[in-house]
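Letter by letter, the chains look like this.
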Protein chains: 2
Amino acid sequence: MNTTMQKISIEKVKTSKIDQVDFDNLDFGSVFTDHMLVCDYKNGAWETPKIIPYQPISLEPSAKIFHYGQSIFEGMKAYKDTENKIWFFRPLDNHRRLNISAKRMAIPEIPEAFFMEGLKALVKLDEKWIPQKDGSSLYIRPFIFASGKGFHASPADEYKFIICLAPSGSYFSGKVKVLIEEKYSRSANGGVGYAKAGGNYAGQFYPTQLAAQKGYSQVIWTDDNNHEYIEEAGAMNIFVRIGDTLITGPTSDRILDGITRKSILQIAEDEGIPTEVRKITVSEVVEAAKNGSLKEMFGAGTAAVVSPISTFGFRDVDYDLPELAESYATRLKKRITDIQFNRAEDPFGWRYGL
Amino acid sequence: MNTTMQKISIEKVKTSKIDQVDFDNLDFGSVFTDHMLVCDYKNGAWETPKIIPYQPISLEPSAKIFHYGQSIFEGMKAYKDTENKIWFFRPLDNHRRLNISAKRMAIPEIPEAFFMEGLKALVKLDEKWIPQKDGSSLYIRPFIFASGKGFHASPADEYKFIICLAPSGSYFSGKVKVLIEEKYSRSANGGVGYAKAGGNYAGQFYPTQLAAQKGYSQVIWTDDNNHEYIEEAGAMNIFVRIGDTLITGPTSDRILDGITRKSILQIAEDEGIPTEVRKITVSEVVEAAKNGSLKEMFGAGTAAVVSPISTFGFRDVDYDLPELAESYATRLKKRITDIQFNRAEDPFGWRYGL
Ligand SMILES: Cc1ncc(COP(=O)(O)O)c(C=O)c1O
Ligand SMILES: Cc1ncc(COP(=O)(O)O)c(C=O)c1O
């Protein structure tokens, strides 16, 4: 893998479109900044990334992305502190995970320098776009897809690595009601569930629509074999608090190794919260809900940060979670966002200054 | 669903590129004809399809196809008989399956008229591109992908339905050696394996590369639970002949309902070949190979037609299949291609004249 890189070229927009954006009313991921980073893989090597004005991409109709779903992505955020200094959160972990996804999807891995230098140059250039309103952030979307052509079902010979930036409001609006799924599945043993591969997400849309028709905003996936174990949600790992113990499932080849998940686990341990990483059965959660020992459930992910679950549905019964004055979710969310926004010490060394 | 349609508009190329094509040396799916059909889904409806010169597609970087793998496709062929009449093979089944895939991937279904009228108009316009050399054919690729934009992991609001045509040589060159896979899986119970969804294919590339390093050209997938049952190959359903009985696995939510598979089954029954549709265990196939009762294995699919398997590998042992003077594969392949090319009677009503 060629890891040396020439200087990233920058072509700036003539006129910024930032003035057209209402930063007080941002949706999630629907407004994009002035620039994007593009890096092509051709003839067996990644070329030098370049920054260009945000613009459409032109592809052959036979580009493999359209036919064989050969694509991966990451989700990150940039944070601005009160002194206007910019921070990333564990960005090297996103780079590492992108390459784990790349390997599984037969996509050439991207060298660390290309990723990190590209990321930094792009965010620096568009730093005015980082929202400072509470709850908003600059969402960062690095992605790689197969641009090489042909109808043979085999890996492409050309790829594009792109980073786009989207100033965003919060991922969920309102309470999060989830449905524990027993018919459909997200991933297979020996499959690609642990990769941030495009196809993993499209496969969730239909079951999630069915759940939405019943009033749920998210599906909680279970194993595809007996639907016995709680796995994760569409874009969040799941935590359950039974009594005073905070529990999350182990990662596996079916479950994404979330950066928020592992950070929350470490913070909880640091705070003296008893934690367990072990398989969680659906039946123990239902049982705990019935006997009152189920105190909290929440999702954890970059987009959704820490999102408390208000209700879960299982076999046509809804189980409401109590509203606690002092929840783990609130405490852990405050601690992680304080680190992310440089409002508190970072004993773990997770902050990465631009 | 709006099923009435206005007349398809046709914009022809100024100069055909057909003279640049070497029809005697065609790869599979790497040369494309002069025109393509494009149909946009916007504001909740499919617009009238149009035929335009084959050309690149321009998309926003946030188009959901790049991020969430929301895409499906079909694979068909057009055949020309000795009197230059053009035939499709069970095209309505491809349309029906495209809509089954669409539903699972939360993509709006395409009305039959849009699909069939589009297909016919396009193939008629580019009919000179149908190769007439034995073993070659015009491969037809209808596909739909999410062109709507945004980083929210939810279905797109805009889609493109496209048909491209590729005059093609045979899918496999040389003998087909397959590896029975025990670590990786193609699909989950309750997943999307029965859909022709893009992501199902990219997920196979890496395990197939690993198999190729050991000298196998295809992987035979088994169930993701115990890897106990033979399922299918990358783009073919699998048939096994033990003694005189032809066996293929039942379709399920993990296995594509192949049109070649069901046609081969019906032809075999018509020919008086004993057939069974039932789960096939890996161990019975290995056992049959050892005791000599395993006579044949072959794959069946539109691209690969009927492809005899010469060897299968399992747990580091290679099992060679005998070379039979009178194989079912040869007999069934002749019968199905004779029907497709209008060289024989079609008692099943499968041929569809243009
Ligand atoms: C399937 C899935 N699980 C979990 C997560 C959470 O991971 P992270 O905390 O790294 O964002 C994500 C999203 O990012 C995801 O897509
Ligand atoms: C996974 C898979 N199985 C089987 C087949 C064979 O189906 P058909 O005979 O309809 O082409 C295909 C390809 O078309 C396929 O992609």
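Just so we're clear, the structure is a prediction, and the values are computed from it rather than from any experiment. (Residues numbered from 1 in each chain as written. Chains lettered and ligands numbered in written order. Predicted model: local features only at pLDDT ≥ 70, side-chain atom pairs only at ≥ 80, totals over all residues. Heavy atoms only, no water.)

Undergrad: Explain helix 2 (residues 91-104) of chain B to me, please; I cannot follow it from the model alone.
TA: Note that an α-helix has 3.6 residues per turn; residues three or four places apart therefore point the same way. Residue and element names in this part refer to chain B. Between the first and last C-alpha of helix 2 there are 20 Å, a value that for 14 residues agrees with the 20 Å anticipated at 1.5 Å per step. In terms of burial, helix 2 is largely enclosed, as 10 of its 14 residues are buried. Turning to helix 2, its buried residues are Pro-91, Asp-93, Asn-94, His-95, Arg-97, Leu-98, Asn-99, Ser-101, Ala-102 and Arg-104. (Helix = DSSP H or I, 4+ residues; strand = E, 2+ residues; numbered from the N terminus. Expected span 1.5 Å × (residues − 1). Buried < 20%, exposed > 50% of the residue type's maximum accessible area, 1.4 Å probe, protein only.)

Undergrad: Is there a simple way to think about the packing of helix 5 (residues 259-270) of chain A against helix 7 (residues 328-340) of chain A in this case?
TA: A pair of packed helices can be characterised by two numbers: the angle between their axes and the separation between those axes. Residue and element names in this part refer to chain A. As a packed pair, helix 5 and helix 7 sit with axes 10 Å apart at the nearest point and diverge in direction by 110°. In terms of orientation, helix 5 and helix 7 fall into the roughly perpendicular class. In this structure, helix 5 contributes Thr-260, Ser-263, Ile-264, Ile-267, Ala-268 and Asp-270 to the contact, and helix 7 contributes Leu-332, Arg-335, Ile-336 and Ile-339. When grouped by side-chain class, the residues that make up the contact of helix 5 with helix 7 number 6 nonpolar, 2 polar and 2 charged. (Axes fitted to C-alpha atoms, helices over the stretch in contact; angles between N-to-C directions. Parallel < 35°, antiparallel > 145°, perpendicular 65-115°, else oblique. Contact = heavy atoms within 4.5 Å. Nonpolar A, V, L, I, M, F, W, Y, C, P; charged D, E, K, R; others polar.)

Undergrad: Looking at this structure, I do not really get the relation of the copies chain A and chain B. What am I missing?
TA: Here the second copy of the chain follows from the first by a rotation about an axis and a shift along it. Superposing chain A onto chain B requires a rotation of 180° together with a translation of 0.0 Å along the rotation axis, leaving an RMSD of 0.0 Å. Taken together, the rotation and translation describe the operation of a two-fold axis. Both copies share a contact surface, since 100% of the interface residues of chain A are interface residues in chain B too. (Least-squares fit on C-alpha atoms with pLDDT ≥ 70 in both.)

Undergrad: Help me understand the site of ligand 1 in this model?
TA: Residue and element names in this part refer to chain A. Residues in close proximity to ligand 1 total 17 residues, the closest being Lys-196, Tyr-201, Glu-232, Thr-260 and Thr-302. At 2.7 Å, a side-chain N or O of Lys-196 approaches an oxygen atom of ligand 1. In the model, an oxygen atom of ligand 1 is placed 2.5 Å from a nitrogen or oxygen of the Thr-260 side chain. Where the shell around ligand 1 is concerned, the elements lending two or more residues are strand 13 (230-233), helix 5 and strand 17 (294-301). Residues belonging to the shell around ligand 1 are distributed by class as follows: 7 nonpolar, 6 polar and 4 charged. (Near = heavy atom within 4 Å. Polar contact = N/O pair within 3.5 Å; in protein donor to acceptor, adjacent residues only side chain to side chain.)

Undergrad: What's the story with the interface of chain A and chain B in this structure? I'm lost.
TA: Between chain A and chain B, the residue contacts involve 58 residues of the former and 58 residues of the latter. Carbon and sulfur atoms supply 62% of the area that chain A and chain B bury against each other, a total of about 5,200 Å² over both sides. When the area that chain A buries against chain B is broken down by residue, the three leading residues are Phe-66, Phe-151 and Phe-205 of chain A, summing to 15%. At the junction of chain A with chain B, the criterion picks out 0 salt bridges. One can count 21 residue pairs in polar contact (both at pLDDT 80 or more) joining chain A with chain B. Of all elements in the fold, only strand 5 (57-59), helix 1 (64-68), strand 6 (71-73), helix 2 (91-104), strand 9 (137-146), strand 10 (159-168) and helix 4 (198-213) of chain A reach the threshold of two or more residues within the side of chain A that touches chain B. Of the residues forming the side of chain A that touches chain B, the biggest block, 9 residues, is contributed by helix 4 of chain A. Its residues placed into classes, the side of chain A that touches chain B shows 31 nonpolar, 21 polar and 6 charged. Summarising the sheet, strand 5 of chain A and strand 5 (residues 57-59) of chain B pair through 3 bridges and their orientation is antiparallel. The residue bridging Ile-57 of chain A from the neighbouring strand is Leu-59 of chain B, located in strand 5 of chain B. (Buried area = accessible area lost by both parts, 1.4 Å probe. Salt bridge = Lys/Arg side-chain N within 4 Å of Asp/Glu carboxyl O. Pairing = 2+ DSSP bridges.)

Undergrad: Any chance you could explain the site of ligand 2 here in plain terms?
TA: Residue and element names in this part refer to chain B. Close contacts around ligand 2 come from 16 residues, with Lys-196, Tyr-201, Glu-232, Thr-260 and Thr-302 the closest. Separating an oxygen atom of ligand 2 from a side-chain N or O atom of Lys-196 is a distance of 2.7 Å. Look at ligand 2: alone it shows 380 Å² of surface, and the protein chains cover 97% of it. Of all elements in the fold, only helix 5 (259-270) and strand 17 (294-301) reach the threshold of two or more residues within the shell around ligand 2. (Areas by Shrake-Rupley, 256 points an atom, 1.4 Å probe, with all protein chains shown as cover.)

Undergrad: What should I look at first to understand the domain arrangement of chain A in this one?
TA: Often the size quoted for an interface is simply the accessible area lost on bringing the parts together. Residue and element names in this part refer to chain A. When cut into domains, chain A gives domain 1 (9-168) and domain 2 (176-340). Here the C-alpha centroids of domain 1 and domain 2 sit 27 Å apart. Listed per partner, the contact involves 20 residues of domain 1 and 22 residues of domain 2. Around 1,800 Å² of area is buried between domain 1 and domain 2 when both sides are counted, 60% of it from carbon and sulfur atoms. When the area that domain 1 buries against domain 2 is broken down by residue, the three leading residues are Phe-89, Arg-97 and Arg-104, summing to 34%. For the pair domain 1 and domain 2, the interface holds 1 salt bridge. Salt-bridge contacts for Asp-93 lead to Lys-262; the nearest nitrogen and oxygen are separated by 3.0 Å. Taken together, the connections running from domain 1 to domain 2 amount to 11 residue pairs in polar contact (both at pLDDT 80 or more). Put simply, the parts of the chain that give the side of domain 1 that touches domain 2 at least two residues each are strand 6, strand 7 (76-80), strand 8 (86-89) and helix 2. Considering every element that reaches the side of domain 1 that touches domain 2, the biggest residue donor is helix 2, with 6 residues. Tallied by class, residues from the side of domain 1 that touches domain 2 come to 10 nonpolar, 4 polar and 6 charged. (Domains from an automatic or database assignment.)

Undergrad: Please explain the UniProt feature "modified residue: N6-(pyridoxal phosphate)lysine" (unreviewed entry) in chain A as it appears in this structure.
TA: All names here are of chain A. Those places that UniProt annotates as "modified residue: N6-(pyridoxal phosphate)lysine" (unreviewed entry) correspond, in this numbering, to Lys-196. If you trace the backbone, Lys-196 turns up in the loop between strand 11 (176-180) and helix 4. Not counting the four nearest positions on each side in its chain, Lys-196 is found in contact with Ser-71, Ile-72, Phe-73, Glu-74, Gly-75, Arg-97, Ser-101, Tyr-201 and Leu-256. (UniProt positions renumbered as here; feature names shortened; annotations may be inferred.)

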